[in-house]
Structures are given as structure tokens and as C-alpha cells.
Amino acid sequence: MEVRRLVWLVAAVSLALATLARGDPQVPCYFIFGDSLVDNGNNNYIVSLARANYPPYGIDFAGGPSGRFTNGLTTVDVIAQLLGFDNFIPPFAATSGDQLLGGANFASAAAGIRAETGQQLGGRIPFAGQVQNYQTAVETLVNILGDQDTASDHLSRCIFSIGMGSNDYLNNYFMPAFYNTGSRYNPEQFADALIADYRRYLQVLYNYGARKVVMIGVGQVGCSPNELARYSPDGVTCVDRIDGAIQMFNRRLVGLVDEFNALPGAHFTFINAYNIFADILANAASYGFTVTNAGCCGVGRNNGQVTCLPYQAPCANRDEHIFWDAFHPSEAANIIVGRRSYRAASPNDVYPMDISTLAAI
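Just so it is clear, the model here is predicted, and its values are computed rather than measured.

Definitions and limits used
Residues numbered from 1 in each chain as written. Predicted model: local features only at pLDDT ≥ 70, side-chain atom pairs only at ≥ 80, totals over all residues. Heavy atoms only, no water. pLDDT = per-residue confidence, 0-100. Contact = heavy atoms within 4.5 Å. Axes fitted to C-alpha atoms, helices over the stretch in contact; angles between N-to-C directions. Helix = DSSP H or I, 4+ residues; strand = E, 2+ residues; numbered from the N terminus. Left-handed = near helix turned anticlockwise from the far one by under 90°. Nonpolar A, V, L, I, M, F, W, Y, C, P; charged D, E, K, R; others polar. Disulfide = S-S within 2.5 Å.

## Digging into the confidence of the model for the chain
So, point 1. The predicted model of the chain averages 94 in pLDDT, with 94% of residues at 70 or higher.
So, point 2. For the stretch residues 1-21, pLDDT sits under 50, and the model shows zero contacts to residues farther than four places along the chain or on other chains.

Listed below in C-alpha cells is the structure:
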């Protein structure tokens, strides 16, 4: 009995020392808005075709399939680790009470800035719904912390990251079988329409306490296995008309950063995911990648015509694939993007600062 007690005591002291050595996270909380690139389980709770809570998704994740649309970690998992959080930020659907003090992940697969985006896939929580869920969370935080001023102070020190827009192109503008936006708007007009909605939701977040805000640009959707399978003649060359439209949107996001940084106490920044991904694709070998144009798990041309099926056997060399499935990066690629978002490797990665700098403000 004494030996067991001694073992328990040593373990408790070791854990305390480890916690002491690590210290508190750099910010008290992290709130995440986005789509399937960062959804970590919210869509598990709704009726949707856009779900990933089955094998082989999560094959390299400690908890197995969780709703993450990759084999392991997402970019925001990596960012949370680098910010010093002991645990990953939980999905809002499975978060309540005091847990919200550390943040929540509101992201939903198939969601877009526009309400109709992704509707062919069933249930999803668009940007507006994610913002509403955040407002509900703030009301809970006010009750927990006792008053609005204390909650505002708490929230002003948190990091907020937003990664929206991919589906507005992938599952809306460039999907004429289901949507008419491609015929109603030219690419410049569509980008303007998206930014008008984005601005409105950003203003609500600011009004509800968000001050340190990370706006993650849309990556090279035209280089994903699905778009290569559909539109690329050689299955390798990225689809310029898609990526060109996305760059129009990203340039306007940079403008929103400047616009919101004029507000009192605001520290908004832009992560150039497009640039980071372009560098990974251009220098794939130096990052250890051998396959740049096909999913590790999927069906058809580029393993991208049909995305990863339940219980399908994925490739063995997952760390050598940039893409995990028809649409989503592998954990190996997510780690690179997450690290460069946290600490920029190039001046072109961020504007005007990386997340590590933002956290320190």
C-alpha cells in the first residue's frame, strides 16, 4: 500500500512539475471558425453527408476518427499546441459551461460564407450560424465570469481564427449543376459579395469582444485532387480559373485587415495560406513529399473523383502525400501550414504579423 502511495505521489509531483515547466498557454482561449479544413466534430451532431467520423479518417490521430477531415492533426490543432494549450480546442457541439473559458471550435464541414453554400451535402453551419453560436457562448461566459466587463477583458486576450471561403468556390461558384452564382456574378463581383458578408460577420465578432483576429486566406483549391480530376488535362497542372478567382477574394481579405485595424483595440491579421501552399507544392521534395496531385485515400483519377470512403484502405506513405483525400491536406501538410501561420517562414506568409506575435500583444 505504501509503495503504491509513493508511486502515486511521485507521479503527481512529476505531473505538477511538468505543468509548471510548461506554464499557461500564451492566450487564455482560442475560438475557431471555419469549414472541413478545421472542423473537429461539429458535423458529427447534424444530418450531413459532410462527415468524417469513420475510418480511415483519424488513422494517425490518437483518438481515432473524430470528425477531422484528415489522417491526423488539422492546422488549428497544430496552432493550439504551439500556443501552449494542453488539449485541443473542443468542438462547440460538445462544449459547455466552464469549458468555454478556454475557447471552442465552431467550424462546420461544407459551410461557407454564403448561407446556401454546401447545401447539396445536407446539414452544415454556415458562417452566420457559427457567429450565432459564438454569441451564445459569450452569453454563457458573461454568466460564468459575473459581468460583461470581465468577459470582455477575457475575450480581448483570446485568439480568434477564421478560415472561410473555400466552399463558396468549391461547393457553390464552380458547381453550376447546383448553383447559379457562376452565371450571376463574374469572379470580381463574387469576391465583392463574399467580402460584404464576411465584413458583416467580422463586425459582429468585434462587437462581441473579438480583438485578436486571424483571417486565414483560401488556399489553392484549383490544385486539389478533386479539381485536378475534373478540370486538369494532365492531372497535374492546377486550374488557373479557380485559383485566379480565389486570389481576388484573398486580396480583399487583406483590405479587411486594414479596415478593422482602424477600430479601437483591434489587432487583425491575414495568413496567406495560398502562398504557403504554393511554396509547399513548388518545393514538395524539400518538405519530404513525393505525391502532390493525388489523395492518399480516394477513388478514380487523382484519387479525387470520389473522396475517401468508409473503411477504405489508405496509402501507406501518408507523410509523403500533400493531400489526404480528394479535398483535404494530410497531417504532414497541415503541420507545415500550422507552423508557418504561428511563426512566419517568409514575409509573404502573413500580413501584418504571425500568430505568435499576435498572441504576445
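Let us keep going from here.
## Digging into the packing of helix α7 (residues 187-207) against helix α9 (residues 240-260)
So, point 1. Interhelical geometry of α7 versus α9 gives an angle of 35° and a closest axis separation of 9 Å. Between α7 and α9 the crossing geometry is right-handed. Between α7 and α9, the contacting residues are Pro 187, Glu 188, Ala 191, Asp 192, Leu 194, Ile 195, Tyr 198, Arg 199, Leu 202 and Gln 203 on the first element and Ala 245, Met 248, Phe 249, Arg 252, Leu 253, Leu 256, Glu 259 and Phe 260 on the second.
So, point 2. Per-class residue counts for the contact of α7 with α9 are twelve nonpolar, one polar and five charged.

## Focus on the state of the cysteines
So, point 1. Enumeration according to the criterion identifies four disulfides in this entry.
So, point 2. Here Cys 296 pairs with Cys 315 through a disulfide, and the sulfurs are 2.1 Å apart. Between Cys 296 and Cys 315 the sulfur-sulfur dihedral comes to about -110°; the bridge is accordingly left-handed. With Cys 296 in the loop between β6 (291-295) and β7 (298-299) and Cys 315 in the loop between β8 (306-307) and β9 (321-323), the pair connects residues that are 19 residues apart, well separated along the chain.
So, point 3. Here Cys 297 connects covalently by a disulfide to Cys 308, the sulfurs 2.0 Å from one another.

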